[in-house]
Amino acid sequence: MTLSLYIARRFAGMVGRVFLIFFGILMLIDMIEQLRRFSDAGVGLGQAALLSLLNVPETLYRILPLIMIMAAIAMFLGLARSSELVVVRAAGRSGLRFLVTPLVVSILLGALVVALFNPLVAATSKAYDQRRAALSRGGDSVLSVSDSGLWLRQGGEDGQTVIQAARANPDGTQLFGVTFLSFDAAGLPARRIESESARLTEGAWELSGAKTWDLTQPNPELAASRDEGPVALPSDLTAERIRDSFGTPSAIAFWDLPGYIADLEGAGFSARSYRLWFQMELAQPLLMAAMVLVAAGFTMRHVRFGGTGRMVLMAMLAGFGIFFLRNFAQALGDSGQIPITLAAWSPPVAAVMFSLGLLLHLEDG
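The text that follows walks through the structure, step by step, so that each part is easy to find. Computed from a predicted structure; not experimentally measured.

**Examining the environment of E221**
For step 1, the next point in the chain: Mapped onto the fold, E221 is located in the loop between β7 (210–214) and β8 (225–227).
For step 2, the next point in the chain: Dropping the residues within four chain positions of it, E221 is found in contact with K211 and W213.
For step 3, the next point in the chain: In terms of polar contacts, E221 uses its side chain to reach the side chain of W213, at 2.8 Å.

Here's what the structure looks like:
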């Protein structure tokens, strides 16, 4: 137990040190990028640091598997140079049994990352997007999905229009059970339109079965009018703007993903990328353990055997290969080329099988 606690403490400390090193490097790089990007907006060093503090966690979260394998390589090399691995083996503990503690620590860290760090990353990403939109004068997202349906917002010469629909087609260009509520320049309700369906064309919504209320009249119901034929309502929205407003699945906290997926599918949109991201988050602890096994397979050997630099390079290349394979499988899963479960779980499972085979070959011949 004493040895296990020592290894666990040393491995967790190494992961923390590598994490902080990458955090510092990424902060410096991102601050320079923020100063360059928002130089016209008069952003100073303090504001750039705040923007970087909100933006860097997402990048760190994406490269956590690489941070894990670098920390594992550093720990195994340190143990080999101090001959602690030799002492452990001489005490009768095999290499595979020695790996149990780092594996448990990596799985626990992976679970904590998904449970705690993931919601933090989602919150900072949203805050960064809002500040970036304000500095870019690009406005906030035009789309929101909730259990009450789909909500859109569009601008115009006379004011803003809020759109609520019960459901939509997958790309959001055709709405059903839709209500348009227009506001004048002073922010007061000016007109309400209810329509059976609305289809987005170039520069306008084409409404079918629309009923219009003039909310500036004393009795809007008496002044209401109904149009059975197509009615064109000007709009500055495009299919690209609606699609871009969805953002990325990483902007949704892990614990909120199941509810968001249900709301998205209830509104008529495809939630495939969000389902895939949810499964990939569930597989994150296994991927962390796979990175530790890969590092052990190449570097858990005595330095007197030589070739340490070559083995470290091979471990790093294997780690980058698994990282690339994971991203490639995610792209295939997003496009529907392979099933979601296969895209999310095959890279970590393949990495575990590969590294275990390598370890068994080195330990038992």
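**Side note on the pairing of strand β3 (residues 161–168)**
Two faces make up the sheet, and in a regular strand the side chains alternate between them.
For step 1, the next point in the chain: One ladder, built from five bridges, connects strand β2 (residues 149–154) with β3; its direction is antiparallel. Its bridge partner being in β3, R153 is matched across the sheet by V162.
For step 2, the next point in the chain: As consecutive antiparallel partners, β2 and β3 are separated by six residues, and within that stretch G159 has a phi angle of approximately 150 degrees, a positive value.
For step 3, the next point in the chain: Connecting the antiparallel pair β3 and strand β4 (residues 174–183) is a turn made up of five residues, with G172 showing a positive phi of about 75 degrees.

**Structural notes on the nonpolar core**
For step 1, the next point in the chain: Judged by nonpolar contacts, the single largest core of 81 residues is most densely connected at F76, L175, F180 and W205.
For step 2, the next point in the chain: Per element, the largest residue contribution to this core is twelve residues, and it comes from helix α3 (residues 64–81).
For step 3, the next point in the chain: Beyond its immediate stretch of four places on either side in the chain, F180 contacts T161, V162, I163, R191, R192, I193, A198, W205, L207 and L233.
For step 4, the next point in the chain: Among the nonpolar cores identified, the runner-up in size contains seven residues, and L276, M280, I340 and A344 belong to it.

**Comments concerning a nonpolar patch on the surface**
For step 1, the next point in the chain: Nonpolar side chains collect at one region of the surface, where I21, I25 and I29 lie side by side and expose about 300 Å² of accessible area between them.
For step 2, the next point in the chain: Among the structural elements, I21 can be located in helix α1 (residues 2–37).
For step 3, the next point in the chain: Here I21 falls in the exposed class, since its relative accessible area comes to 52%.

**Overview of the packing of α3 against helix α10 (residues 284–299)**
For step 1, the next point in the chain: Two elements in contact, α3 and α10, have axes whose closest approach is 8 Å; the angle formed by their N-to-C orientations is 35 degrees. Our pair here, α3 against α10, has a crossing hand that is right-handed. Within the contact between the two elements, α3 uses L64, P65, M68, I69, A72, I73, F76 and L77 and α10 uses Q284, L287, M288, M291, V292, V294, A295, A296 and T299.
For step 2, the next point in the chain: Of the residues belonging to the contact of α3 with α10, the class tally is 15 nonpolar, two polar and no charged.

**Some points on the pattern of salt bridges**
For step 1, the next point in the chain: Evaluation of the coordinates by the stated rule reveals eight salt bridges.
For step 2, the next point in the chain: Across the pair E194 and R192 runs a salt bridge, and its minimum N-O distance is 2.3 Å.
For step 3, the next point in the chain: According to the relative accessible area criterion, E194 is partly exposed, its value standing at 30%.
For step 4, the next point in the chain: Measuring nitrogen to oxygen at the nearest pair gives 3.1 Å for the salt bridge that ties E206 to R199.
For step 5, the next point in the chain: Classification of R199 as partly exposed rests on a relative accessible area of 38%.
For step 6, the next point in the chain: Within this structure, E33, R36 and R37 form a network of salt bridges that share partners.

**Some remarks on the packing of aromatic side chains**
For step 1, the next point in the chain: Counted according to the given criterion, the structure contains seven aromatic pairs.
For step 2, the next point in the chain: Here F19 and F117 contribute two aromatic rings whose centre-to-centre distance is 6.1 Å and whose plane-to-plane angle is 75 degrees, an arrangement assigned as edge-to-face. In this pair, F19 is assigned in helix α1 and F117 in helix α6 (residues 100–136), connecting sequence segments 98 residues apart.
For step 3, the next point in the chain: Classification of F19 as partly exposed rests on a relative accessible area of 24%.
For step 4, the next point in the chain: For the pair F254 and W255, a centre-to-centre distance of 5.1 Å together with 75 degrees between the ring planes defines the contact as edge-to-face.
For step 5, the next point in the chain: Given the relative accessible area of 7%, F254 is considered buried.

**Regarding the pairing of β7**
For step 1, the next point in the chain: Two elements, strand β5 (residues 189–201) and β7, share four bridges in a ladder whose sense is antiparallel. Among the inter-strand pairings, R191 is bridged to a residue of β7, identified as D214.
For step 2, the next point in the chain: Sheet topology places β7 next to β8; three bridges connect them, and they run antiparallel. Considered in β8, the bridge of T212 is made with S225.

**Notes on the side chain of S197**
For step 1, the next point in the chain: By the element assignment, S197 lies in strand β5.
For step 2, the next point in the chain: Filtering out sequence-adjacent residues up to four positions away, S197 remains in contact with L175, F176, V178, E206, L207 and S208.

**Regarding the packing of α10 against helix α11 (residues 308–334)**
For step 1, the next point in the chain: Axis separation between α10 and α11 bottoms out at 8 Å; the angle between their running directions is 155 degrees. Relative to α11, the element α10 is oriented roughly antiparallel. Here the hand of the crossing between α10 and α11 comes out right-handed. In contact with Q284, L287, M291, V294, F298 and T299 of α10, α11 contributes M311, V312, M314, A315, A318, G319, I322, F323 and R326.
For step 2, the next point in the chain: Its residues assigned to classes, the contact of α10 with α11 shows eleven nonpolar, three polar and one charged.

**Remarks on the side chain of T161**
For step 1, the next point in the chain: Mapped onto the elements of the fold, T161 is located in strand β3.
For step 2, the next point in the chain: When its relative accessible area of 10% is taken as the criterion, T161 is described as buried.
For step 3, the next point in the chain: A polar contact of 3.3 Å, which involves the side chain of T161, links it to the side chain of S182.
For step 4, the next point in the chain: Excluding anything up to four places from it in sequence, T161 contacts L152, R153, Q154, F180, L181 and S182.

Calculation notes
- Residues numbered from 1 in each chain as written.
- Predicted model: local features only at pLDDT ≥ 70, side-chain atom pairs only at ≥ 80, totals over all residues.
- Heavy atoms only, no water.
- Helix = DSSP H or I, 4+ residues; strand = E, 2+ residues; numbered from the N terminus.
- Contact = heavy atoms within 4.5 Å.
- Polar contact = N/O pair within 3.5 Å; in protein donor to acceptor, adjacent residues only side chain to side chain.
- Pairing = 2+ DSSP bridges.
- Core = buried A, V, L, I, M, F, W, Y, C linked by side-chain atoms within 4.5 Å.
- Buried < 20%, exposed > 50% of the residue type's maximum accessible area, 1.4 Å probe, protein only.
- Patch = residues over 30% accessible without salt bridge, like charges linked within 9 Å, V, L, I, M, F, W, Y side chains within 5 Å.
- Areas by Shrake-Rupley, 256 points an atom, 1.4 Å probe, with all protein chains shown as cover.
- Salt bridge = Lys/Arg side-chain N within 4 Å of Asp/Glu carboxyl O.
- Axes fitted to C-alpha atoms, helices over the stretch in contact; angles between N-to-C directions.
- Left-handed = near helix turned anticlockwise from the far one by under 90°.
- Nonpolar A, V, L, I, M, F, W, Y, C, P; charged D, E, K, R; others polar.
- Phe/Tyr/Trp six-rings, centres within 6.5 Å; stacked < 30°, edge-to-face > 60°.
- Parallel < 35°, antiparallel > 145°, perpendicular 65-115°, else oblique.

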